[in-house]
Amino acid sequence: MDTPQLAGRHIVLGLSGGVACFKAAELTRELGRAGATVQVVMTEAAEAFITAVTMQALSGRPVFTSQWDAREPNNMAHINLTRTADAVLVAPASADFIAKLAQGRADDLLSLLCLARPIERCPLLLAPAMNREMWAHPATQRNVAQAAADGATVLGPAAGDQACGEVGDGRMLEATELLDDLGAFFQPKVLAGRRLLITAGPTYEAIDPVRGITNLSSGKMGFAIAQAAREAGAEVTLVAGPVHLPTPRHVRRIDVRSAQQMHDVVLPLAASHDVFVATAAVADWRPAASAEQKIKKDGSGQVPTIAMTENPDILATVARLPQPPYCVGFAAESHDLVRHAREKRLRKHVPLIVGNLGPATFGRDDNTLVLVDAQGERELPTAGKLSLARELVREIAARLAP
Ligand code: CTP
C-alpha cells in the first residue's frame, strides 16, 4: 500500500471495548508496514476482547493499560505518551468511551491521555464501533457531535453486518480504510473548497452486442489522482470507463462505457467544477453503427467492413466552454513525448498537459510524467502512481487562481 505520508509518524493507538478490537490488530500491522510507529493503549474493556500480548507483539512495544503503570520514570504515562505522538487514534471507540470524551472525564489511562494531550499539536481521531441502536441513540449522536466540536475527527462508522447479527450503521471501518483515512488526514489540504472532475480508464465502443473496440488503459492514474485530490480536501467526481478498480474513499464515481456516454456525463457537470482532469484514454473513433445482433460469419470468407465515425473530443469541448474549469489533459504517446504534448496543449486550448509514454505505463503501478505548460516543461521522475498523483495535485493547486 502506498501511504508514504505515514512513514516516520508516531501514532498512539487507543483501544476501547468492542469486538472490532480484532481490526485494531490488523491496523497495527499495516501502520508498521507503512513505516509508522505505534504505541498501543488499551482500556480494561478492550482487554476483554484482545490481549495486550497480541498488541505488544504486533506493535513491537509494551502496551499501556493503566494510569498507575510504574514503568514511566515520572509515573506520568498520561502526559508522556502524547508528547511525541503525531496523532491519537482511538479504534475502536465505544459508545461509552465517546461519552467520556464528550464530558472530559479521565478515569482511565486512555481517556486521561486524550484530555491531557496538547490539543493544538496532537490531533485526536475516533473510529466508532458499536451496535446500530447504540450509534443511532440521541445520547451517542450528541456525544459524537460534542467530541467533534471539541476537535476530534470522526472516521466512519460504516454500515453493514454487525457482530450482534443486526445490520446497520455502527460497524468500525476496516483496517485498510482506517489506514487510508489516517494517511489522508496528514495530507496538506491544498485543494480545500475546490471541486474536481476527472475522467479515467478506457472507453468501449461496441461493434455488436458481444464485440467492441477498447484499449489497454487500466484507469490507475486517474483513480490515483481522484484519491490524491480527495486527500487534498477537494470534492471529487470520477467518471470512469470500464475498469476493475475500487472507488477511492469519499469520491463520487459515475461509470460509463463509451466515449459518447463519457461526453454526455461530463459536459453538464463541467461548468460546476473548478478543475477538469482528463486522464481517460478516450477512443478517437467508434463504429458508425453498432449491430443489434451478433455479426455472424456467413461462410463466404468475406470479412466485414466496419465503417467508423469520430467521437467527440471531451477535453477540447470542455476547454472551449465560455467559463471552462482549469483543464488538465493527458498525452499518452509512444514517441516524441514533449513535442506531441506541446502540440496537444495548443490544439486543445488547455493550460496544462501531462505527458506519459503510453506503452510504458498502461496497467503498471508506476509512471513518469512530464508537465507541459506555457512556461515550459517539468519532469516528475518515475514513482508510484499515487505519489505522482499527489505531486500533480500540488502542481495543479499552485496554478489555480486564489
Ligand atoms: N481526450 C478526450 N476526448 C477524446 C480524446 C481525447 O477528452 N475524444 C482527452 C484525453 O483524456 C487526454 C487528451 O484528450 O486528456 C489527449 O488524448 P490523446 O488520446 O493522447 O490525444 P488525441 O487527441 O486522441 O490525439 P492523438 O490520438 O493524435 O495522439
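It should be emphasised that the depicted structure is a prediction, and the values quoted were computed from it without experimental measurement.

Side note on the overall build of the protein
So, step 1. A count of helices and strands for the protein gives 14 helices and 19 strands.
So, step 2. For the protein, the residues scored as buried account for 50% of the 402 residues in total.

Section: the domain arrangement of the protein
So, step 1. For the protein, the domain assignment lists domain 1 (10-185) and domain 2 (195-290 + 303-400).
So, step 2. Averaged C-alpha coordinates put domain 1 and domain 2 at centres separated by 39 Å.

A look at helix α9 (residues 220-231)
So, step 1. Its twelve residues give α9 an end-to-end C-alpha distance of 16 Å, which sits within 8% of 16 Å, the value for a rise of 1.5 Å per residue.
So, step 2. Here α9 lies mainly inside the structure; nine of its twelve residues are buried.
So, step 3. The set of residues buried in α9 consists of M221, G222, F223, A224, I225, A226, A228, A229 and E231.
So, step 4. At the exit of α9 stands G233, carrying a positive phi of roughly 100 degrees.

Some words on the environment of N311
So, step 1. As for its placement among the helices and strands, N311 is situated in the loop between β15 (308-310) and α11 (314-319).
So, step 2. Along the primary structure N311 and L182 are separated by 129 residues, whereas in three dimensions their C-alpha atoms are 41 Å apart.
So, step 3. Aside from chain neighbours lying at most four places away, what touches N311 is E205, A259, Q260, A283, D284, W285 and R286.
So, step 4. A polar contact of 2.8 Å, which involves the side chain of N311, links it to the backbone oxygen of A283.

Comments concerning helix α1 (residues 21-33)
So, step 1. The end-to-end C-alpha separation of α1 is 19 Å, in line with the 18 Å expected for 13 residues at 1.5 Å each.
So, step 2. By the burial criterion, the buried members of α1 are C21, K23, A24, A25, L27, T28, E30 and L31.
So, step 3. Where the residues of α1 are buried, they touch β1 (10-15), β2 (37-42), α2 (52-59), β3 (87-93), β7 (167-171) and α8 (175-185).
So, step 4. In the segment just after α1, G35 is the residue with positive phi, at about 95 degrees.

Section: the packing of α1 against α8
So, step 1. Contact geometry for α1 and α8: axes closest at 8 Å, N-to-C directions at 50 degrees. For the element pair α1 / α8, the angle class is oblique. For the element pair α1 and α8, the recorded crossing hand is right-handed. Two secondary-structure elements touch here, α1 through K23, E26, L27, E30 and L31 and α8 through A175, L178, L179 and L182.
So, step 2. Considering only residue class, the contact of α1 with α8 consists of six nonpolar, no polar and three charged.

Some points on the nonpolar core
So, step 1. Counting residues in each nonpolar core, the largest one holds 36 residues, and the members touching the most others are L191, L196, V277 and I396.
So, step 2. Ignoring anything within four residues of it in the chain, the contact list for L191 reads L196, A229, A232, G233, A234, V393, A397 and L400.
So, step 3. Core analysis: the next-biggest nonpolar cluster, separate from the first, contains 33 residues, A36, A127, A129 and L173 among them.

Structural notes on a nonpolar patch on the surface
So, step 1. A surface patch of nonpolar side chains, about 360 Å² in accessible area, is lined by I213, W285, I306 and M308.
So, step 2. Structurally, the position occupied by I213 is in strand β10 (residues 211-213).

Details of the site of the ligand
So, step 1. For the ligand, the set of nearby residues contains 15 residues, the closest of which are A278, A280, F330, K344 and K348.
So, step 2. At 2.8 Å from an oxygen atom of the ligand is found a main-chain nitrogen or oxygen belonging to F330.
So, step 3. A distance of 2.6 Å is found between an oxygen atom of the ligand and a side-chain nitrogen or oxygen belonging to K348.
So, step 4. Here the ligand, which alone exposes 570 Å², has 80% of that area covered by the protein.
So, step 5. Those elements that provide at least two residues to the shell around the ligand are α11, β16 (326-333) and α12 (337-348).
So, step 6. Of the residues forming the shell around the ligand, the biggest block, four residues, is contributed by β16.
So, step 7. Here the residues of the shell around the ligand sort into nine nonpolar, one polar and five charged.

Looking at the pairing of strand β19 (residues 376-384)
So, step 1. As paired strands, strand β18 (residues 366-373) and β19 are joined by seven bridges and run antiparallel to one another. Considered in β19, the bridge of D373 is made with G376.
So, step 2. Remark: two residues form the turn of the hairpin made by β18 and β19, two consecutive strands paired antiparallel.

With respect to unusual backbone geometry
So, step 1. The amide bond that connects A91 to the next residue, P92, takes the cis arrangement and shows omega of 5 degrees.
So, step 2. Note that P92 resides in strand β3.
So, step 3. Along the chain, G156 connects to P157 via a cis peptide bond; the corresponding omega equals 0 degrees.
So, step 4. Within the secondary structure layout, P157 lies in the loop between β5 (153-154) and β6 (158-161).
So, step 5. With phi around 65 degrees, H250 is a residue other than glycine that occupies positive phi space.
So, step 6. For H250, the location among the structural elements is in the loop between β11 (235-240) and β12 (252-255).

What counts as what
- Residues numbered from 1 in each chain as written.
- Predicted model: local features only at pLDDT ≥ 70, side-chain atom pairs only at ≥ 80, totals over all residues.
- Heavy atoms only, no water.
- Helix = DSSP H or I, 4+ residues; strand = E, 2+ residues; numbered from the N terminus.
- Buried < 20%, exposed > 50% of the residue type's maximum accessible area, 1.4 Å probe, protein only.
- Domains from an automatic or database assignment.
- Expected span 1.5 Å × (residues − 1).
- Contact = heavy atoms within 4.5 Å.
- Polar contact = N/O pair within 3.5 Å; in protein donor to acceptor, adjacent residues only side chain to side chain.
- Axes fitted to C-alpha atoms, helices over the stretch in contact; angles between N-to-C directions.
- Parallel < 35°, antiparallel > 145°, perpendicular 65-115°, else oblique.
- Left-handed = near helix turned anticlockwise from the far one by under 90°.
- Nonpolar A, V, L, I, M, F, W, Y, C, P; charged D, E, K, R; others polar.
- Core = buried A, V, L, I, M, F, W, Y, C linked by side-chain atoms within 4.5 Å.
- Patch = residues over 30% accessible without salt bridge, like charges linked within 9 Å, V, L, I, M, F, W, Y side chains within 5 Å.
- Areas by Shrake-Rupley, 256 points an atom, 1.4 Å probe, with all protein chains shown as cover.
- Salt bridge = Lys/Arg side-chain N within 4 Å of Asp/Glu carboxyl O.
- Near = heavy atom within 4 Å.
- Pairing = 2+ DSSP bridges.

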